[in-house]
Amino acid sequence: MTEHAAPTTVGQFSASNDAESAFYYPPAALVENSNVLAYAREKGFADVEAMRQWSIEHYQDFWADMATRMVDWYMPFSKVLDDSKAPFYQWFNDGKINIVHNALDRHVKTWRKNKLALIWESEKGDNKTYSYWQLFKRVNKFANVLKSMGVKKGDTVTIYLPRVPEIVIAMLACAKIGAMHSVVYGGFSVEALQTRIQDAQSRVVITADGGYMNGKVVELKKITDDAIKHSPVVEIVIVVKRTGHEVEMQQGRDLWYEELMALPIASTKCETEQLDAEHPLYMLYTSGTTGAPKGLVHTHGGYQVGVATTLHFNLDIKEDDVYWCAADPGWVTGHSYIVYGPLMLGATQVMYEGAPTFPFPNRWWNIVERYGVTVLYTAPTAIRGLMRFGEAWPNRHDLGSLRLLGSVGEPINPEAWRWYHRVIGRNNCPIMDTWWQTETGSMMITPNPTTPLKPGSGTRASFGIDADVVNDQGEHASDDEDGLLIIRNPWPSMLRTIYNNPERYIEQYWSRIPGVYTAGDSARKDEDGYFWVIGRIDDVIKVSGYRLGTAEVESALVSHPSVAEAAAIGLPHEVKGNAIHTFVILKNGYEANQDLEDALIAHVGKVMGPIARPEAVQFVPSLPKTRSGKIMRRVLKARALGLPEGDLSTLEQ
Ligand code: WTA
């Protein structure tokens, strides 16, 4: 039996770890050795909770301290926050920095030069490793290739790659020369890729011949070719050879990555651009309330401070950890906590190419055992998916190396939390349930290793973050009252704007309650001040942790010749969290039948990508709409769940 932290080290809580207690206490040794406790002690605080409260009250002092400790600057900043153009906040804006300097350059000047940065395992089981030095050299080479293609500071490069080391290399190479990357998740398809290339106006696209998932080839190059047919802006396509199957290469436009990397222009020496802190690092498209996905913009300076701080304090990454974030680099979790965060901290990390159940449902546990993974960060949907196969699979493996677990992407149901804690963590690894968003850049509401946990709650706001739950009028909600999740103060890793659409940035995030950031989630706080995130209040559906807009699914359906009108809603699903259900009005002359339903499901999968495939298509004669013509998805959802339909006063008669 492990000894657990004495109540005095965890703040004002006094319960113990017995069955009666609502709390799970972290192991005493883990608390004692945590990065966050060391910092609190150094600063002279009685406990971590006191430090957390100070960090929120004095958030500018806290972030200034983090910006100095966690990262290096070419030129130090003199001003922490510039709010003169709020909500277009600027952080550290007279400092000069580059995230690649902190992720690679500074390490190769130390003993970490030879430390393993990345251990990559393919779905087939072979692996590739990169020391910091090797990764540094590869990034330099590819940065020179990009430069030779005319890519320069301020340009945007679209990256559409599977989970291979080249995605990390490509992203870092862009950042190194001050170009923005726009990564499109490899599970998206033609339409999604095309709109993102167009909006970003990328001249250069980086893709692969294909990727592996579940033993099958994903035809990335073919999808890219189709997307580019409608994107005249693209001049160059760089193709990584992954599967080796035959693909069409268009003369003068398509070039093999490996061949470019062998040319003399791909020199291993490349200066890192010294950039303003507010220089854009990337944009990442995400689904919003209405219309087309929006390109959220993150910058070099503040973003890296937020990411490095949270990885250090909340996932407690240390020099000797073997860290594994099982997300996709094409998702914000992968951007922050695979590509940039671990490298900034000089950590060793594992990256796995394929499906968790390939070839058998013990694949992940096998990886944990073989590499001695110490910190695992994943999504509830993956836990639920693996839980279905039973305990025998993980029990075949020695998971004793694990010391801390993380969860992200959607609320984790207590049943999955307990399974993750007991079976994977052997009752000995606290779970950091981290709430955040593409917009926030890094973790916002999350436990740290010293926090007493409640299954299903993200506990409290993280350091320097002033989060709350309010009612529609913006007033602080009482305990256990559902309300809107908001953030009162700006934070360094916040999005800066929506690409090409600053008005939408203000309207979407800063208008509902003037002066505060509205996240788009509903939540409540309990009597201990713990947050319970309920879910989205807009038309975003979280499917297996991926964020999809009802508008995108509907537009994919309407692009089929048989469909006159369509509506999409999310309904609860045991593994995926939510599944997409759709309602379709057919055009005259089309007959509603099973074949057409199958064809429509396949059509959405082809246009948007497999993750967006609807669970069901229901043919209907009409859709409930407001008098102004907006589909009332709320009513459809209530009907589907057999719940009261609520206020129908605006329903069209
Ligand atoms: C949801 C993912 C509950 C939430 C990093 C948020 C969560 C949206 C959690 C952002 C969590 C994320 N508990 N809900 N721990 N983490 N969410 O932009 O609805 O893909 O607004 O960023 O995911 O999704 P996004």
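For clarity, every value in this text was computed on a predicted model and none was experimentally measured.

Analysis parameters
- Residues numbered from 1 in each chain as written.
- Predicted model: local features only at pLDDT ≥ 70, side-chain atom pairs only at ≥ 80, totals over all residues.
- Heavy atoms only, no water.
- Helix = DSSP H or I, 4+ residues; strand = E, 2+ residues; numbered from the N terminus.
- Rg over C-alpha atoms; globule rule 2.2 N^0.38 Å.
- Contact = heavy atoms within 4.5 Å.
- Areas by Shrake-Rupley, 256 points an atom, 1.4 Å probe, with all protein chains shown as cover.
- Lys, Arg positive; Asp, Glu negative; His and termini not counted.
- Charge placed at Lys NZ, Arg CZ, Asp CG, Glu CD.
- Pairing = 2+ DSSP bridges.
- Axes fitted to C-alpha atoms, helices over the stretch in contact; angles between N-to-C directions.
- Buried < 20%, exposed > 50% of the residue type's maximum accessible area, 1.4 Å probe, protein only.
- Near = heavy atom within 4 Å.
- Polar contact = N/O pair within 3.5 Å; in protein donor to acceptor, adjacent residues only side chain to side chain.
- pLDDT = per-residue confidence, 0-100.
- Domains from an automatic or database assignment.
- Buried area = accessible area lost by both parts, 1.4 Å probe.
- Salt bridge = Lys/Arg side-chain N within 4 Å of Asp/Glu carboxyl O.

> Residue-level account of the overall build of the chain, with values.
Assigned secondary structure in the chain consists of 20 helices and 30 strands. Computed over C-alpha atoms, the radius of gyration of the chain comes to 24 Å, within 12% of the 26 Å expected from 2.2 N^0.38 for 653 residues, which places it in the range of a compact globule. Its C-alpha atoms give the chain principal-axis dimensions of roughly 75 × 65 × 60 Å. Once local pairs closer than 6 in sequence are excluded, the contacts in the chain between residues at least 24 apart make up 70%. When the accessible surface of the chain is totalled, it reaches about 24,500 Å², and 50% of it is carbon and sulfur. Distance between charge centroids for the chain: 5 Å, based on 65 positive and 77 negative side chains.

> Quick one: what's the story with the sheet that holds strand β30 (residues 616–619), residue by residue and with numbers?
Strand order in this open sheet of three strands is β28-β29-β30, and the pairing throughout is mixed. Since the sheet does not close on itself, it has two edges, and those belong to β28 (563–573) and β30, each with one partner. Averaged over neighbouring strand pairs, the angle between their axes works out to 25° when direction is ignored. Where strand β29 (residues 577–586) lies against β30, four bridges are found, and the strand directions are parallel. Following the sheet pairing, Phe 583 is matched in β30 by Gln 618.

> Just give me the short version of helix α9 (residues 220–229), but keep the residues and values in it.
Of all ten residues that make up α9, seven are buried, and the element is covered over most of its length. Among the residues of α9, Leu 220, Lys 221, Ile 223, Thr 224, Asp 225, Ala 227 and Ile 228 are the ones counted as buried.

> Go over the site of the ligand with me, naming the residues and quoting the values.
The immediate surroundings of the ligand are formed by 18 residues, with Asp 433, Thr 438, Asp 521, Lys 542 and Arg 547 found nearest. At 3.4 Å, a backbone N or O of Glu 410 approaches a nitrogen atom of the ligand. Taking Thr 434, its main chain carries an N or O atom lying 2.8 Å from a nitrogen atom of the ligand. Relative to its free-state accessible area of 530 Å², the ligand is covered by the protein chains to the extent of 98%.

> Quick one: what's the story with the pairing of strand β5 (residues 127–131), residue by residue and with numbers?
Pairing of strand β4 (residues 116–121) with β5, which is carried by five bridges, proceeds in the antiparallel orientation. Paired with Glu 121 across the two strands is Asn 127, which belongs to β5. Between β4 and the antiparallel strand that follows it, β5, lie five residues; Gly 125 among them carries a positive phi value of about 115°.

> I'd like a rundown of helix α14 (residues 380–387), residues and numbers included.
Most of α14 is tucked away: eight of the eight residues are buried. Turning to α14, its buried residues number three or more, namely Pro 380, Thr 381, Ala 382, Ile 383, Arg 384, Gly 385, Leu 386 and Met 387. Contacts from the buried residues of α14 go to α13 (363–371), β18 (375–378), β19 (404–408), α16 (414–424) and β29.

> How would you explain the confidence of the model for the chain if you had to name every residue and give the values?
Per-residue confidence for the chain gives a mean pLDDT of 94, with 95% of residues at or over 70. This model gives residues 6–20 a pLDDT under 50, and the stretch forms 27 contacts once residues within four places in sequence are excluded. In the predicted assembly, ipTM is 1.00 and pTM is 0.94.

> Explain the environment of Gly 341 residue by residue, including any values.
Along the chain, the position of Gly 341 falls in helix α12 (residues 332–344). Judged by its relative accessible area of 0%, Gly 341 is buried. Taking the C-alpha atoms as reference points, Gly 341 and Thr 310, 31 residues apart in sequence, are found 8.8 Å from one another. For Gly 341, the residues in contact, after removing those within four places along its chain, are Val 307, Leu 311 and Ser 336.

> Can you explain the domain arrangement of the chain? Please cite residues and give values.
Partitioning the chain into domains gives domain 1 (37–526) and domain 2 (544–641). If you average the C-alpha positions of domain 1 and of domain 2, the two centres end up 30 Å apart. Across the boundary between the two partners, domain 1 contributes 24 residues, which contact 19 residues of domain 2. Across the domain 1 to domain 2 interface the summed buried area is about 1,700 Å²; carbon plus sulfur atoms make up 50%. Its largest share of buried area at the contact with domain 2, domain 1 owes to Phe 188, Ser 287 and Thr 381, together 26% of the area lost on that side. There are two salt bridges connecting domain 1 and domain 2. In this structure, Glu 439 and Arg 547 form a salt bridge, with 2.8 Å as the shortest nitrogen-oxygen distance. Taken together, domain 1 and domain 2 are joined by twelve residue pairs in polar contact (both at pLDDT 80 or more). At the level of elements, α8 (190–200) and α14 are the ones that each hand at least two residues to the side of domain 1 that touches domain 2.

> Could you give an account of the environment of His 335, naming the residues involved and the relevant values?
Looking at the element boundaries, His 335 is found in helix α12. Classification of His 335 as buried rests on a relative accessible area of 0%. As a C-alpha pair, His 335 and Tyr 185 span 150 residues in sequence and 11 Å in three-dimensional space. In this structure the side chain of His 335 is engaged in a polar contact, spanning 2.7 Å, whose partner is the backbone oxygen of Pro 329.

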